[in-house]
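# Notes for the structure review
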Amino acid sequence: MALKALWGGRFEQFMNDEMQAFGASLPVDRRLWREDIAGSKAHARMLANQGIITRSDNEAIQEGLDAIAHDIEEGRLDFELSSEDIHMALEQELTRRIGEPGKKLHTGRSRNDQVVTDFRLYCVSAADELGEELEGLQRSIVAVAEAHLDTILPGYTHLQKAQPVLFAQHLLVWQAMLARDRERFAAARAAADASPLGAAALAGTPHAIDREDTASALGFSRVIPNSMDAVSDRDFACDFIYAAAMGMLHLSRICEELILWSTEEFGFITLSDEYTTGSSIMPQKKNADLAELTRGKTGRVYGDLLSILTTLKSLPLAYNKDLQEDKEGLFDAHDTLAACLAAVRGMIDTMSINTERMFEAAQGGYMAATDLADWLAAHDVAFRDAHEIVGRVVLYAEQHQKRLDELTLDELRQFSEAFVPEALEVLDIRNVVAARTSLGGTARKEVEAQLRAVKTRSF
Ligand code: ARG
């Protein structure tokens, strides 16, 4: 049933029912109720301090809003769906409860500054929360890395075996991706951390409000200086969703490896039953569904990013109703990333690592070939010639179905007289790893240094 809206005075007819539903954002923005109540409380207190409303009006507003918050928390309050958005729903409920003072709350503000105040507060705390969840996943990854400073697996380029690496080195890449995601969320938080409250509809207000006061009461570190910018800027939301999209991108890369590694072909890890599913027809199946789902959900978060960018494109100043479309995608990006972080963390905490299988895989693929060429290059053979010689050695080994470390000195010497017994040592895959002592390389010392750096930075 249509109700006359808060702007009823200028209107002679009720809004069309279907259009009211079309124009409403309450189903989405009801999620901002905490932020909206906090914003209203700060605003009312400031109005009283400035002598714009009386102290007793302010007290009634504070108590009324606290009681509403309590009832929502307890699940005792359901908003009237006739309200367009959470801002109107809460103001109407307040006035229903406390009468006259409730009608004074909206002095010197507009929903245009109110909505973006709420949204910015939400982004600040969501960025903090996701930062902590990212850190949690980093900790899980680093714990596995610390336990695998001697585990060797193949490193790949083009998904072909390339050079053996420590498992810890590989895992520390994942942690580095997440460290960058945290930096992006910190930047998104800083962008959101500015108060638009008091900009009113777009041009400010003739009331003697104190914007600094409401900003600091709400925990914002600064005030947005231009009232029109305050109500029309949504860059902070783009920053947030971009950070989430990058987080999903990284999770999708991690998940892709978890999926590959848990196949019989790789066999590097076994995901726990808790984090896998079976098949309704094939009794033998154990699928890395949750990793696949995380990979798949990356697409929707990219969609959220494209959606807000497109909504903002070409918007004239200042507020336009298009901006109501800013929240749903951001909430979705937040929820999706949070759920996927929990899923990936669970998978990593509970997976078992098949170190023998990793080592066995690292024996294949002729991965010591570069080291053998380097050895020749260090013994008076030009590297280009050494590359050619070792290429022929690999072809020979392949044709004779031997690994490089199974070749005898005599066999090697068919290809170059430069080979002496000591050359055979470089063919041991453990030595290949240990030799990579350049900064950031995969030798144990270097990987330990990375681990130490991660821990001193506190991730
Ligand atoms: N529901 C609106 C939104 O989410 C609130 C601001 C509405 N302002 C207006 N003038 N219609 O953007």
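Look a little higher up for the structure.
Residues numbered from 1 in each chain as written. Predicted model: local features only at pLDDT ≥ 70, side-chain atom pairs only at ≥ 80, totals over all residues. Heavy atoms only, no water.

## Concerning the site of the ligand
Near the ligand the following residues occur: Ser25, Asp85, His87, Arg111, Asn112, Val115, Tyr319, Gln324 and Lys327. The side chain of glutamine 324 places a nitrogen or oxygen atom 2.7 Å from a nitrogen atom of the ligand. When isolated, the ligand has an accessible area of 340 Å², and the protein chains bury 86% of it. Per element, the largest residue contribution to the shell around the ligand is 3 residues, and it comes from helix α7 (residues 111–146). The residue inventory of the shell around the ligand, partitioned by class, reads 2 nonpolar, 4 polar and 3 charged. (Near = heavy atom within 4 Å. Polar contact = N/O pair within 3.5 Å; in protein donor to acceptor, adjacent residues only side chain to side chain. Areas by Shrake-Rupley, 256 points an atom, 1.4 Å probe, with all protein chains shown as cover. Helix = DSSP H or I, 4+ residues; strand = E, 2+ residues; numbered from the N terminus. Nonpolar A, V, L, I, M, F, W, Y, C, P; charged D, E, K, R; others polar.)

## Some remarks on the packing of helix α4 (residues 55–73) against helix α5 (residues 86–98)
It is the contact of α4 with α5, at a shortest axis distance of 10 Å, that shows an interaxial angle of 115 degrees. Taken together, α4 and α5 sit at an angle that is classed as roughly perpendicular. Between α4 and α5 lies a crossing of right-handed hand. Where α4 approaches α5, its residues Ala60, Ile61, Gly64, Leu65, Ala67, Ile68, Asp71 and Ile72 are matched on the opposing element by Leu90, Glu93, Leu94, Arg97 and Ile98. Its residues assigned to classes, the contact of α4 with α5 comprises 9 nonpolar, 1 polar and 3 charged. (Axes fitted to C-alpha atoms, helices over the stretch in contact; angles between N-to-C directions. Parallel < 35°, antiparallel > 145°, perpendicular 65-115°, else oblique. Left-handed = near helix turned anticlockwise from the far one by under 90°. Contact = heavy atoms within 4.5 Å.)

## Here's the deal with the pattern of salt bridges
Taken as a whole, this structure holds 36 salt bridges when the rule is applied. Measuring nitrogen to oxygen at the nearest pair gives 3.0 Å for the salt bridge that ties arginine 120 to aspartate 233. Here arginine 120, found in helix α7, pairs with aspartate 233, found in the loop between α10 (227–232) and α11 (235–261); they are 113 residues apart in sequence, far enough to count as distant. On the basis of relative accessible area, arginine 120 is assigned to the buried category, the value being 1%. Of the residues examined, aspartate 233 reaches a relative accessible area of 16% and is grouped as buried. Salt-bridge contacts for glutamate 448 lead to arginine 444; the nearest nitrogen and oxygen are separated by 2.8 Å. Placement of both glutamate 448 and arginine 444 in helix α19 (residues 444–456) is noted, with a separation of 4 residues, approximately one turn of the helix. Residue glutamate 448 is classed as partly exposed on the basis of its relative accessible area of 24%. In this structure, a network of salt bridges that share partners links the residues Asp71, Glu74, Arg76, Glu93, Arg96 and Arg97. (Salt bridge = Lys/Arg side-chain N within 4 Å of Asp/Glu carboxyl O. Buried < 20%, exposed > 50% of the residue type's maximum accessible area, 1.4 Å probe, protein only.)

## Regarding unusual backbone geometry
Here the bond from leucine 317 into alanine 318 is cis, since omega is 0 degrees, no more than 30 degrees from zero. One non-glycine residue, tyrosine 366, lies in the positive phi region at around 50 degrees. Examined against the element boundaries, tyrosine 366 turns out to sit in the loop between α14 (355–363) and α15 (369–377). If you check the backbone angles, glutamine 401 has positive phi at about 50 degrees while not being a glycine.

## Description of the nonpolar core
Ranked by internal contacts, the top residues of the largest apolar core, which has 120 residues, are Phe185, Phe240, Leu251, Leu330, Ile348 and Leu404. Looking at which element gives the most residues to this core, the answer is α11, with 15 residues. The contacts of leucine 251, once residues within four sequence positions are left out, are Leu137, Leu178, Thr294, Leu337, Cys340, Leu341 and Val344. Counting residues in hydrophobic clusters, the runner-up holds 7 residues, among them Ala42, Leu197, Leu218 and Phe220. (Core = buried A, V, L, I, M, F, W, Y, C linked by side-chain atoms within 4.5 Å.)

## A few points about the packing of aromatic side chains
Enumeration over the complete set of coordinates arrives at 11 aromatic pairs. On the numbers, 5.5 Å between centres and 70 degrees between planes, the contact of tyrosine 396 with phenylalanine 415 is edge-to-face. With tyrosine 396 in helix α16 (residues 383–399) and phenylalanine 415 in the loop between α17 (409–413) and α18 (429–434), this pair connects stretches of sequence that are 19 residues apart. Of the two residues, tyrosine 396 and phenylalanine 415, neither departs from the other in class, the shared state being buried. Here arginine 31 stacks its cationic end above the ring of phenylalanine 331, 4.7 Å away from the centre of that ring. (Phe/Tyr/Trp six-rings, centres within 6.5 Å; stacked < 30°, edge-to-face > 60°. Lys NZ or Arg CZ within 6 Å of the ring centre and 35° of its normal.)

## What to know about α5
Compared with an ideal rise of 1.5 Å per residue, which puts 13 residues at 18 Å, α5 spans 18 Å between its outermost C-alpha atoms and is within 8% of the ideal. What α5 keeps buried is the set Ile86, His87, Met88, Ala89, Leu90, Glu91, Glu93 and Leu94. Contacts from the buried residues of α5 go to α2 (26–29), α3 (33–49), α4, α6 (100–104) and α7. Remark: glycine 99 follows α5 within two positions and exhibits a positive phi of approximately 70 degrees. (Expected span 1.5 Å × (residues − 1).)

## Examining the pairing of strand β1 (residues 152–157)
Sheet topology places β1 next to strand β2 (residues 160–166); 6 bridges connect them, and they run antiparallel. Opposite proline 154, over in β2, you have proline 164 as the bridge partner. The antiparallel pairing of β1 with β2 creates a hairpin that spans 2 residues between the two strands, and histidine 158 there sits at a positive phi of about 55 degrees. (Pairing = 2+ DSSP bridges.)

## Comments concerning the side chain of threonine 298
Of note, threonine 298 is situated in helix α12 (residues 289–312). What makes threonine 298 buried here is its relative accessible area of 4%. For threonine 298, the side chain forms a polar contact with the main-chain oxygen of threonine 294, separated by 3.1 Å.

## Here we look at a nonpolar patch on the surface
Where nonpolar side chains cluster on the molecular surface, the patch consists of Met15, Met19 and Phe22 and spans about 350 Å² of accessible area. Looking at the element boundaries, methionine 15 is found in the segment before α1 (17–23). (Patch = residues over 30% accessible without salt bridge, like charges linked within 9 Å, V, L, I, M, F, W, Y side chains within 5 Å.)

## A few points about the environment of leucine 178
For leucine 178, the position within the fold is in helix α8 (residues 167–192). Given the relative accessible area of 0%, leucine 178 is considered buried. Each C-alpha atom of the pair leucine 178 and arginine 111 lies 36 Å from the other, and the pair is 67 residues apart in sequence.

## Description of the environment of histidine 400
Within the fold, histidine 400 resides in the loop between α16 and α17. Between the C-alpha atom of histidine 400 and that of proline 225, which follows or precedes it by 175 residues, the distance is 76 Å.

## Description of the state of the cysteines
Counted under the stated rule, the structure contains 0 disulfides. Here cysteine 238 stays free of any disulfide, with the sulfur of cysteine 123 as its closest cysteine sulfur at 10 Å. According to the relative accessible area criterion, cysteine 238 is buried, its value standing at 11%. (Disulfide = S-S within 2.5 Å.)

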